[in-house]
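Examination of the molecular architecture
Residue-level listing of the chains:
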Amino acid sequence: MMMTQFDPFKEFRNLQKSMEMMNRLFNAVEKTAEGPAVDFVPAVNTREADDAYYIEVDLPGVKKEDISIDVDDNVLTISGERKVEEERKDEEFYRVESFYGKFERSFTLPEDVDADKIEAEAKDGVLTVKIPKAQVVEKAPKKIEIK
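Source: prediction; values computed, not measured.

Moving on, we get to the sheet that holds strand β2 (residues 52–58). Sheets are built from strands that pair by backbone hydrogen bonding, the pairs being arranged parallel or antiparallel. One open sheet holds the 4 strands; their spatial order is β1-β2-β7-β6, and the pairing between them is antiparallel. Looking along the sheet, the strands with just one partner apiece sit at the ends: β1 (44–48) and β6 (119–123). Within this sheet the neighbouring strands show an average axis-to-axis angle of 15 degrees, counted without direction. Pairing geometry for β1 and β2, over 5 bridges, is antiparallel. Bridging across to β2, Val44 finds its partner in Val57.

Attention now goes to the side chain of Thr77. Tracing the sequence through the fold places Thr77 in strand β4 (residues 75–82). Among the polar contacts made by the side chain of Thr77, one reaches the side chain of Ser106 at a distance of 3.1 Å. Not counting residues within four places of it along the chain, the set of residues in contact with Thr77 comprises Ser68, Ile69, Asp70, Glu104, Arg105 and Ser106.

With that settled, the discussion passes to the nonpolar core. With 16 residues, the main nonpolar core has Ile55, Leu59, Leu76, Ile78, Leu127, Val129 and Ile131 as its most contacted residues. Listing elements by their share of this core, those giving two or more residues are β2, β4, β5 (101–108) and β7 (126–132). Look past the residues within four positions of Leu59 in its chain and what remains in contact with it is Pro42, Ile67, Phe103, Gly125 and Leu127.

A separate point is the environment of Tyr100. If you trace the backbone, Tyr100 turns up in the loop between β4 and β5. Assessed through its relative accessible area of 27%, Tyr100 is described here as partly exposed. On a C-alpha basis, the gap between Tyr100 and Val41 in space is 9.9 Å, while along the polypeptide they are 59 residues apart.

Below, the discussion takes up the pattern of salt bridges. Per the counting criterion, the structure on display carries 4 salt bridges. Of the charged contacts, one joins Asp66 and Lys83 as a salt bridge, the two residues approaching to 3.5 Å between their closest N and O atoms. Here the residue Asp66 occupies a position in the loop between β2 and β3 (67–72), and Lys83 occupies one in the loop between β4 and β5, the gap between them amounting to 17 residues. Taking relative accessible area as the criterion, Lys83 reaches 47% and is therefore assigned partly exposed.

For the rest of this paragraph, the subject is the packing of aromatic side chains. Within this structure, the stated rule accounts for 0 aromatic pairs. Here the guanidinium or amino end of Arg47 rests over the ring plane of Tyr54, the centre of that ring lying 4.1 Å away. Against the face of Tyr53 rests Lys133, its NZ or CZ located 5.0 Å from the ring centre.

Below, the discussion takes up unusual backbone geometry. In this model, Asp73 sits at a positive phi of 55 degrees, which is unusual for a non-glycine residue. Note that Asp73 resides in the loop between β3 and β4. One non-glycine residue with positive phi stands out, namely Asp124, at about 55 degrees. Looking at where Asp124 falls in the secondary structure, it is placed in the loop between β6 and β7. On the basis of relative accessibility, which here comes to 74%, the residue Asp124 falls in the exposed class.

Calculation notes
- Residues numbered from 1 in each chain as written.
- Predicted model: local features only at pLDDT ≥ 70, side-chain atom pairs only at ≥ 80, totals over all residues.
- Heavy atoms only, no water.
- Pairing = 2+ DSSP bridges.
- Helix = DSSP H or I, 4+ residues; strand = E, 2+ residues; numbered from the N terminus.
- Axes fitted to C-alpha atoms, helices over the stretch in contact; angles between N-to-C directions.
- Polar contact = N/O pair within 3.5 Å; in protein donor to acceptor, adjacent residues only side chain to side chain.
- Contact = heavy atoms within 4.5 Å.
- Core = buried A, V, L, I, M, F, W, Y, C linked by side-chain atoms within 4.5 Å.
- Buried < 20%, exposed > 50% of the residue type's maximum accessible area, 1.4 Å probe, protein only.
- Salt bridge = Lys/Arg side-chain N within 4 Å of Asp/Glu carboxyl O.
- Phe/Tyr/Trp six-rings, centres within 6.5 Å; stacked < 30°, edge-to-face > 60°.
- Lys NZ or Arg CZ within 6 Å of the ring centre and 35° of its normal.

Treat this as a map of the structure, not an account of what it does.
Next up, the structure:
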């Protein structure tokens, strides 16, 4: 039987390394050289149907006028801002758990999409982007005659 020495601080060091890695990740997302500062990252669901791809973004409280959707070089970017409403104070208790500020999410589009027919709809706090697949015309096999 092999004996190992007990290290009571091993788990603490592992936790500390994980926290440092998370801080580096959050700092990288917060400010990037290429893009604007990001205050929050909305949740996104993506799915594929037979005729299109769908991106659903949870944006409660965000008006459609505050959302921008752009396609550039086969990358779809959804950006905007969730503005702070009035602050509510009740006696000496103050608490805000919602995230406010600018956001931006980018998605590389597959090769088989028709970018000219992309549609978006905002309803009940969810932005749904429909990205239609390009119509592929299947050609019937052709028999080549040998001469």
